[in-house]
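What the coordinates show
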Amino acid sequence: MAHQGVKLIIRNLLTLILDTFYVYTRWQVLAMLFLGFSAGLPFLLVFSTLNARLADVGVQTATIGFFSWLGITYSIKVFWAPIVDRLKLPVLDRLLGKRRSWILLAQAGIATGLYLMANVDPVAAPQTLALFGLLVAFSSATQDVAIDAYRIEIAEERLQAALAATYIFGYRLALLVAGAGALYLAEYWSWEVSYQVMAALVGVGAATVLIVREPKVNHYAAAQDIAHKIEEEAGKRGHLPPAIARAAGWFYAAIAGPFLDFFRRYKEMAIAILLLVAVYRISDIAMGVMANPFYLDFMGFSKTQVADVTKIFGFFMTIMGSLVGGVLVVRYGVRNILLAGAILTAATNLLFVWLANYPPNMMTLAVVVSADNLSGGMANVALIAWLSSMTSASFTATQYALFSSLMTLPGKFLGGFSGIVVASFGYAEFFTISAIMGIPAVLLVIYMMRHGARLDALAPVKDTEDALVK
């Protein structure tokens, strides 16, 4: 009897595990794996890989520094996100729909820019290379905006964490290809071949766009309402021609509409939501600034040891945390996992205090890095899922671009002071402070959970296909 009981328990446990991870077999989730690869591929090719290419062929250091300005495009994508939200592309929109047409157009820009970069001599024509790099960076940032909107609209809230998990996996896999892979190709063949291969790999994302379905949501309802009201007012008060009045309504809806929609919908809770977005990752980002100096200078680990544990091993731990987070959100709801992620992110920073007070040991380093990356991966997908549920179908791209900019800005700003804190107090004290910085996020998540029913009532209904029952 005892043997039969054990077999029954094991069978039920296996059934539970299989049912839970079934979420990763849905077509939307698998699609985000390949779209994540498409999003991650161009990133390093205009950053560290490009810098390696420039240095390798003898471009001056000062010139290499100027190329870092290409990254500004990723920080200001919110400024043209309204165009991605509101503008229908000729021909492509009719064939593919709004989101897929913008993704495909951006991919065409990325592939074209990478191919042109492959055929430019950086020493003879650095300005030309920079212009082609700008085309890649601008197209890549535009693709990010469109893919984020597609991800949010293709499935309902409880699937968003799983979508984010596979997106992150694909993105990080692309970073390996565009980083180490591009360097290997350049070493054994040439930089021209390396960038040509990367341009060809954009086809992975393009093929995905042609295969997957367009989200079935109404992108225009709220925006058209705002545009119509402004058009009427402009016509009454300004005595403007109808075409000018329509243009005024269109631009007002595109630029002001996303913010008016958000604040009108959530009212006084909008401030609390934006505060949570701003502080949720402060503890993690601020701590990360001093992580490598801590490993190398204070603990005395070698570069290869740090690379093995934090980059390679840490990569798999982050992916594992993301996948587990996606499953937990489906089973227990996004706000519960959002709270768990906030607590664990702050708590794992205290493990670095423990690490700082003991002699260097690879095993303890692996334990601490595992805990940090697992909790970070879980927290990140929970935050992405929650933010995705906050966006309106009429302004998905713009509102999420705003959120994604806000979620990293405060942490990066405060991280700039991390070196001063370490120099004044020490690493153990710095990690303690970084853990304390996570408390506001925990308190704000608890506040959101107490007002969960109201938030659910105010949340926009996207009417996505294949939606799960909440």
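Located above this text is the structure these notes cover.
The rules behind these values
- Residues numbered from 1 in each chain as written.
- Predicted model: local features only at pLDDT ≥ 70, side-chain atom pairs only at ≥ 80, totals over all residues.
- Heavy atoms only, no water.
- Phe/Tyr/Trp six-rings, centres within 6.5 Å; stacked < 30°, edge-to-face > 60°.
- Helix = DSSP H or I, 4+ residues; strand = E, 2+ residues; numbered from the N terminus.
- Buried < 20%, exposed > 50% of the residue type's maximum accessible area, 1.4 Å probe, protein only.
- Lys NZ or Arg CZ within 6 Å of the ring centre and 35° of its normal.
- Salt bridge = Lys/Arg side-chain N within 4 Å of Asp/Glu carboxyl O.
- Axes fitted to C-alpha atoms, helices over the stretch in contact; angles between N-to-C directions.
- Parallel < 35°, antiparallel > 145°, perpendicular 65-115°, else oblique.
- Left-handed = near helix turned anticlockwise from the far one by under 90°.
- Contact = heavy atoms within 4.5 Å.
- Nonpolar A, V, L, I, M, F, W, Y, C, P; charged D, E, K, R; others polar.

As a further point, take the packing of aromatic side chains. Taken as a whole and assessed by the stated rule, the structure comprises 18 aromatic pairs. A ring pair is formed by Phe294 and Phe298, whose centres lie 5.7 Å apart and whose planes are at 20°; its orientation type is stacked. Of this pair, Phe294 and Phe298 both sit in helix α17 (residues 291-298), separated by 4 residues, roughly a single helical turn. Measuring from ring centre to ring centre gives 6.4 Å for Phe294 and Phe352, while their planes differ by 70°; the resulting arrangement is edge-to-face. With Phe294 in helix α17 and Phe352 in helix α19 (residues 334-356), this pair connects stretches of sequence that are 58 residues apart. Of the residues examined, Phe294 reaches a relative accessible area of 0% and is grouped as buried. One Lys or Arg, Arg53, reaches over the ring of Tyr195 and ends 4.9 Å from the middle of that ring.

Here we come to the pattern of salt bridges. For the structure on display, the rule yields 4 salt bridges. Across the salt bridge formed by Glu214 and Arg100, the nearest N and O atoms sit 3.6 Å from each other. Residue Glu214 is found in the loop between α11 (191-211) and α12 (221-237), and its partner Arg100 is found in helix α8 (residues 98-118); the two are separated by 114 residues along the sequence. The class for Glu214 is buried, based on a relative accessible area of 16%. Of the charged contacts, one joins Asp284 and Arg281 as a salt bridge, the two residues approaching to 3.5 Å between their closest N and O atoms. Since its relative accessible area comes to 21%, Arg281 is described here as partly exposed.

One can describe the packing of helix α10 (residues 160-188) onto α11 by two numbers: an axis separation of 7 Å at closest approach and a directional angle of 140°. One finds that α10 runs oblique with respect to α11. In this structure, α10 crosses over α11, and the sense of that crossing is right-handed. For the pair α10 and α11, contact is made by Val177, Ala178, Ala182, Leu183, Leu185 and Ala186 and by Trp191, Ser194, Val197, Met198 and Leu201, respectively. Split into classes, the residues belonging to the contact of α10 with α11 amount to 10 nonpolar, 1 polar and no charged.

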